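Fold and contact review
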Amino acid sequence: MFKQYGRHLLSALLLTSSLMQIPSSRADIAFQQCVDTLQKQAKQEGIPNNIINEALSNVSPVTRTIELDRKQPEFSETFANYLNKRVTRTRIQKGRELLQENKALLDKLTKKYGIPPQYLIAFWGLETNYGGYLGKFPVIDTLVTLACDHRRSTYFSNEVIAAMEVMDEFNIPRKQMVGSWAGAMGQTQFMPSAYLHYGVDGDKDHDVNLWKSIPDAMSSAANFLHGLGWHKNWRWGREVLLPKDFNYLNTGFKNKKPLSQWRKLGITTVFGGPLPDGKAEAALLIPSGHRGPAFLVYDNFDVIMSWNRSIFYSLAVGILADKINGLPDLHRPPPTDSLRLNVAQIKTLQTKLNKLGFDSGNPDGIIGSDTRGAIREYQHSKKMIADGYPDKQVFDSLNIALNK
């Protein structure tokens, strides 16, 4: 059912290096030639002619999609701001209500796939606010727009073919296929290839409709997480307390250790009790620096990261799931007064760290794991608290102005 499509649209790429950078008449010709190439590819892949015609006969480029694909954030977002906007009292309460309303279905999915119900509800809540907002972009048009653009043409051309297979296999009309600007669809925002590979007919009506059917959406999400490698009977991670003399060079994904070693380093539960003395490995994350919460994250956190590569998103999923399941608020909430840095400041920080021999990778204005690692090493060299967090002390030490 699911195929890996590897054909490159080279002829289209020569004509459409970017729909945003050539005159409209030329762009229209290039776009149509790209659509013609996609039609040929679809026929080669065995897509029925009626589906090809329905999907591509009146397709149009979506300028807003390209704008959003190119858009760079002006400022970085703090963990407190990210979390507080997404894990709200309203969302927690609604999640608890939906957990009870769908208990029979969720219990069945837990038994079959090993995914605890609160996680399925949490993904649902973060992706579409429990189906409250499914997106407004025409999926076929936005996927074709991205397939005919130079940046990620091969990936999105494959998603166009997968979207047509969704239409054919699951009887989904093109007009129903609305979603995000990047083509993610339904209650849980699946890309077409994920829809094809992991879609499950949860309500047994012989179709998989991720827009209209909650059983289909929840069953498909459970199947997806199971396929990504979810470890049954393990949680995503936990908030922990660090000893006062903790060496922050131990933080980050590159420093995974067995729980027994974290226990020897003096890390405890938030209630002050000992960690389990086991061999299971965990990484220590401190998304707000030493002033904020600390989390030990397990292999299931990596599974959540496979759904969305954002650390903030993955922590929000875990925290929302815990709160839906009745756990209390974070013992140490993230500070709300953290620096809100702009992209230029971050690039300057990365450039200076690189020049001093602390490898932060390509200066891209994004604080990722390489940049945090470089900050940690720099802080350690200056006898600061080496938490990898870009606070004012780091910028002052590097003589980088923080004036907005």
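Keep in mind it's a predicted model, so treat the numbers as computed, not measured. (Residues numbered from 1 in each chain as written. Predicted model: local features only at pLDDT ≥ 70, side-chain atom pairs only at ≥ 80, totals over all residues. Heavy atoms only, no water.)

Brief notes about the overall build of the protein
Regarding its fold elements, the protein presents 18 helices and seven strands. For a compact globule of 404 residues, the expected C-alpha radius of gyration is about 22 Å, and the protein comes in at 23 Å, within 12% of that figure. Residues classed as buried in the protein amount to 54% of the 404 residues present. Within the protein, contacts between residues at least 6 apart in sequence are counted, and of these 68% link residues at least 24 apart. (Helix = DSSP H or I, 4+ residues; strand = E, 2+ residues; numbered from the N terminus. Rg over C-alpha atoms; globule rule 2.2 N^0.38 Å. Buried < 20%, exposed > 50% of the residue type's maximum accessible area, 1.4 Å probe, protein only. Contact = heavy atoms within 4.5 Å.)

With respect to the state of the cysteines
One way to say it: the disulfide is the covalent bond shared by the sulfur atoms of two cysteines. In total, this model carries one disulfide according to the counting rule given. Covalent S-S linkage joins Cys34 and Cys148, the inter-sulfur distance amounting to 1.9 Å. Note on the Cys34 and Cys148 pair: the S-S dihedral is about -90 degrees, so by sign convention the disulfide is left-handed. Taken together, the residues Cys34 in helix H2 (residues 24–44) and Cys148 in the loop between helix H9 (139–147) and helix H10 (153–170) connect sequence positions 114 residues apart. (Disulfide = S-S within 2.5 Å.)

Digging into the confidence of the model for the protein
Summing up the model confidence of the protein, the mean pLDDT is 92 and the portion of residues at 70 or higher is 94%. In this model residues 1–23 is a low-confidence stretch, pLDDT under 50, and it forms 57 contacts with partners more than four residues away in sequence or in other chains. (pLDDT = per-residue confidence, 0-100.)

Considerations on the side chain of Thr78
With respect to the helices and strands, Thr78 occurs in the loop between helix H4 (63–70) and helix H5 (79–86). With relative accessibility at 12%, the residue Thr78 sits in the buried group. Here Asn81 takes part through its backbone nitrogen, which lies 3.1 Å from a polar atom of the side chain of Thr78. In this structure, Thr78 is in contact with Phe312, Ser338 and Leu339, ignoring residues within four places of it in sequence. (Polar contact = N/O pair within 3.5 Å; in protein donor to acceptor, adjacent residues only side chain to side chain.)

Considerations on the packing of helix H8 (residues 117–128) against helix H12 (residues 214–228)
Put simply, H8 and H12 touch, their axes get as near as 10 Å, and they point 110 degrees apart. As judged from the angle between their axes, H8 and H12 are roughly perpendicular. The handedness of the crossing between H8 and H12 is right-handed. The segment H8 lies against H12, with Leu120, Phe123 and Trp124 engaging Ile214, Met218, Ala221, Ala222 and Leu225. Classifying every residue of the contact of H8 with H12 by side-chain character gives eight nonpolar, no polar and no charged. (Axes fitted to C-alpha atoms, helices over the stretch in contact; angles between N-to-C directions. Parallel < 35°, antiparallel > 145°, perpendicular 65-115°, else oblique. Left-handed = near helix turned anticlockwise from the far one by under 90°. Nonpolar A, V, L, I, M, F, W, Y, C, P; charged D, E, K, R; others polar.)

Quick look at helix H17 (residues 369–381)
In this model, H17 (13 residues) spans 18 Å end to end at C-alpha, consistent with the 18 Å of a helix rising 1.5 Å per residue. Residues of H17 that are buried include every one of Thr371, Arg372, Gly373, Ala374, Ile375, Arg376, Tyr378 and Gln379, and no others. In this structure, the buried residues of H17 make contact with strand S4 (252–258), helix H16 (343–355) and helix H18 (392–397). (Expected span 1.5 Å × (residues − 1).)

As for the packing of helix H3 (residues 49–56) against H10
The description of two packed helices rests on the angle between their axes and on the distance between the axes. The geometry of H3 relative to H10 is characterised by a closest axis approach of 10 Å and an angle of 120 degrees between their N-to-C directions. Like other packed secondary-structure pairs, H3 and H10 cross with a definite hand, here right-handed. Counted together, Ile51, Ile52, Glu54, Ala55 and Leu56 of H3 and Val160, Met164, Met167 and Asp168 of H10 form the full contact between these two elements. Each residue belonging to the contact of H3 with H10 can be placed in one class, and the counts come to seven nonpolar, no polar and two charged.

Structural notes on the nonpolar core
Side chains of nonpolar character tend, in soluble globular proteins, to be buried together. Counting residues in each nonpolar core, the largest one holds 89 residues, and the members touching the most others are Leu56, Val144, Met164, Met177 and Tyr195. Those residues in contact with Met164 that lie beyond four places of it in its chain are Ala42, Ile47, Ile51, Ile52, Ala55 and Leu56. (Core = buried A, V, L, I, M, F, W, Y, C linked by side-chain atoms within 4.5 Å.)

Comments concerning helix H6 (residues 89–101)
Across its 13 residues, H6 extends 18 Å between first and last C-alpha, which sits within 8% of the 18 Å expected from 1.5 Å per residue. Turning to H6, its buried residues number three or more, namely Arg91, Ile92, Gly95, Leu98 and Leu99. Projection of H6 onto a plane perpendicular to its axis shows the buried side chains occupying an angular sector of 130 degrees, all on one side. Exposed residues on H6 whose side chains face more than 90 degrees from its buried face are Arg89, Thr90, Gln100 and Glu101. Residues of H6 that are buried in the fold lie against H5, helix H7 (103–113), H8 and helix H15 (311–324). (Arc of directions from axis to C-beta.)

Concerning the pattern of salt bridges
One side chain can pair with another of opposite charge once the charged atoms of both are near each other. By the definition in use, this model includes 17 salt bridges. With its nearest N and O atoms 2.5 Å apart, the salt bridge here joins Asp329 to Arg89. With Asp329 in the loop between H15 and H16 and Arg89 in helix H6, the pair connects residues that are 240 residues apart, well separated along the chain. Given the relative accessible area of 41%, Asp329 is considered partly exposed. The structure contains a network of salt bridges with shared partners spanning Asp69, Arg70, Asp149, Arg151 and Arg152. (Salt bridge = Lys/Arg side-chain N within 4 Å of Asp/Glu carboxyl O.)

A word on the pairing of strand S7 (residues 294–297)
Where burial is concerned, the two faces of S7 agree: the one with Ala294 and Leu296 and the one with Phe295 and Val297 are both buried. Bridge count for strand S6 (residues 281–285) against S7 is three bridges, and the pairing is antiparallel. In the sheet register, Ala283 faces S7, and the bridge partner there is Val297. (Pairing = 2+ DSSP bridges.)

Some details on the sheet that holds strand S3 (residues 237–241)
Here five strands make up an open sheet; going across it, the order is S4-S6-S7-S3-S5 and the pairing antiparallel. Two strands in the sheet have a free side with no partner beyond their single neighbour: S4 and strand S5 (268–269). Examined bridge by bridge, S4 and S6 share three bridges and lie antiparallel to one another. If you follow Pro258 over to S6, its bridge partner there is Glu281. Running over the sheet, helix H14 (residues 299–307) touches S4, S6 and S7 and is turned about 150 degrees from S4.

Some words on the environment of Ala182
Summarising the element assignment, Ala182 is placed in the loop between strand S2 (178–179) and helix H11 (192–198). As for Ala182 and Phe137, which are separated by 45 residues in sequence, their C-alpha atoms are 8.5 Å apart. Those residues in contact with Ala182 that sit more than four places away from it in its chain are Thr142, Leu143, Leu146, Phe156 and Met191.

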